[in-house]
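Coordinate inspection notes
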Amino acid sequence: MRDQARPLPTFEFVAPDSLTDALKLLQEGGERARLIAGGTDMMLQLKNHTVQPEIVIDLGKILELSGVELNNDVLHIGATTTLNEIKNSPEIQQKAPLLLDVIDKFGSHMLRNRATVGGNLCHASPAADLAPALLALDVSVRLQGVADERLVPLSEFFVSPGKTAKQPDEILTKIEIPCRDGRSGYLKLGRRKGFNVSIVAVAAFGVITKEKVDDIRVALCAVAPTPIRCRKAEESLIGNPLTEEFIDNAAQIVMQEVKQITDDREKSDIRRASPSYHRASSPFRVEMSRRLTRKVLTTMSIEPGAEK
Amino acid sequence: MKFTLNGNAVDIDVPPNLTLLNFLRDTLEITSPKVGCDEGECGTCTVLLNGEPVNSCLVLAAQVENQEITTLEGLEKNGNLDIVQQTFLDHYGSQCGFCTPGMILASKSLLDRNPTPTEEDIKEALEGNICRCTGYQQIIESVLKAAELRAR
């Protein structure tokens, strides 16, 4: 065999066909085990030797982890459902069209054929593409351990880059989206479609009437160590009409929140302040977070069906 | 491990820590998928997994157990090129040739799911395949022509 450019570390490979078996393997493997699904993130980590597991557990053969279901107005998306499967699901098209906008701007068709929703969340990149929309949709994730299962709000799931609330012996089995009628918006700033790490992305979902905003959630990624919700901006909008004045104000608040985070990080450690500084400087991200928020909210202020 | 390669059943030992790309090229001597960026950006390692294009550099060989893999080698039938291969030839869709296997496979799978793509559809389907000669216009023309010929 010829030399590979970047040889993978030595590991065992197992592909259990049930969740029970996978959990057992994961418990036995402990720190030495890693999960793989679509592999679009994990394979890079393996190639870069940033992870060096002794056992790789493939979730691809576990049927119960894949697929979209609608139960009592809650959308259940299995963790290993690929982005193209989500995009092609009639339930998603009808109940969570915001996700279609997001997936359209996610990587290439080929990556979307492999990348899974669970992988995107568990990888916990600060720029995780699905995160802002899923935060805006108030998603919870189901975490299964050998003995217990728990439901964690996505807003409490991300801990730091690469770290989540998931324990090493747990598997993220599905995400749950509570379906509500409302308006949504999404904008992503990147360099090019196809292979496109977010410089800033903003998603929002709101229940909005002519008179006022009843409820709204605004979330961003690539501006902090984890994807974030801007609760202060949300609070400034709730109960008020979605007019230019309140939109501008909310966008300012988002910018202040983001600026605070980048300032704090730069004070604490210059090198770690912006691991992706080569893509965009902090001041640029801060300003773009304001502009994108403004645009997203403005789109949402137009009544569906109304003339632009 | 058993899987199907270009329509043929294969039963072979596969190392656990090998990419599908290296497995195809180095073990099975299927060399149409190329090693490019090796991280899922360039698309020159494209193969079809159950008919859909994937970056074989990001798939473990062991993950394709019981699945169907198609490479460019599998498109020719009884000595005849696939229509997409032929239109790439006729319309200069290939220049240096390095991206060509990936381009053709991604195009064929597009036409299988959408027989009448627009130029935009083609651009979207091929957004993960980079042509280092930048011959995109000829590639798009080749795919449009293939769609036309397949409809006949």
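Attention now moves to the environment of Thr40(A). Considering the arrangement of structural elements, one finds Thr40(A) in the loop between strand 2 (33–36) and helix 2 (42–47). Along the primary structure Thr40(A) and Asn113(A) are separated by 73 residues, whereas in three dimensions their C-alpha atoms are 9.8 Å apart. Other than its neighbours up to four places away in sequence, Thr40(A) contacts Leu111(A), Arg114(A), Ala115(A), Gly119(A), Gly40(B) and Leu58(B).

Residues and elements named next belong to chain B. Domain boundaries in chain B define domain 1 (2–74) and domain 2 (83–151). Taken over C-alpha atoms, the centre of domain 1 sits 21 Å from the centre of domain 2. Of the residues lining the interface, 14 residues belong to domain 1; the matching set on domain 2 comes to twelve residues. Of all elements in the fold, only strand 3 (46–49) and strand 4 (52–55) reach the threshold of two or more residues within the side of domain 1 that touches domain 2. Classifying every residue of the side of domain 1 that touches domain 2 gives seven nonpolar, five polar and two charged.

What follows covers the sheet that holds strand 1 (residues 2–5) of chain B. Residues and elements named next belong to chain B. Pairing in this open sheet of five strands is mixed, and the strands run 2-1-5-3-4 from one edge to the other. The two strands at the open ends of the sheet, each matched to only one other strand, are strand 2 (8–11) and strand 4. Ignoring strand direction, the axes of neighbouring strands in this sheet form an average angle of 35°. Relative to strand 5 (residues 68–70), strand 3 is paired through two bridges, and the arrangement is antiparallel. Bridging from a neighbouring strand, Leu48 pairs with Thr70 of strand 5. On top of the sheet, helix 3 (residues 100–113) reaches strand 3 and strand 4; it is set at about 30° to strand 3, its chief contact.

Procedures and definitions
- Each residue is numbered by its place in its chain's sequence as written, counting from 1.
- Whichever chain is written first becomes A and whichever ligand is written first becomes 1, with later ones labelled in order.
- It should be noted that, the model being predicted, local features are given only for residues of pLDDT at least 70 and side-chain atom pairs only at 80 or more, the latter also being counted only at that level, while totals for whole chains, interfaces and linings use all residues.
- Numbering of helices and strands starts at the N terminus; helices are DSSP runs of H or I of at least 4 residues and strands are runs of E of at least 2.
- Two residues qualify as being in contact provided that their C-beta atoms, derived from the backbone, are within 7 Å of each other.
- The domain limits used here are those given by an automatic or database domain assignment.
- Note on residue classes: Ala, Val, Leu, Ile, Met, Phe, Trp, Tyr, Cys and Pro are nonpolar, Asp, Glu, Lys and Arg are charged, and everything else, Gly too, is polar.
- Whether two strands pair depends on DSSP finding at least two bridges between them.
- Axes here refer to lines fitted to C-alpha atoms; in helices the fit is confined to the stretch in contact. Angles between the N-to-C directions go from 0 to 180 degrees.

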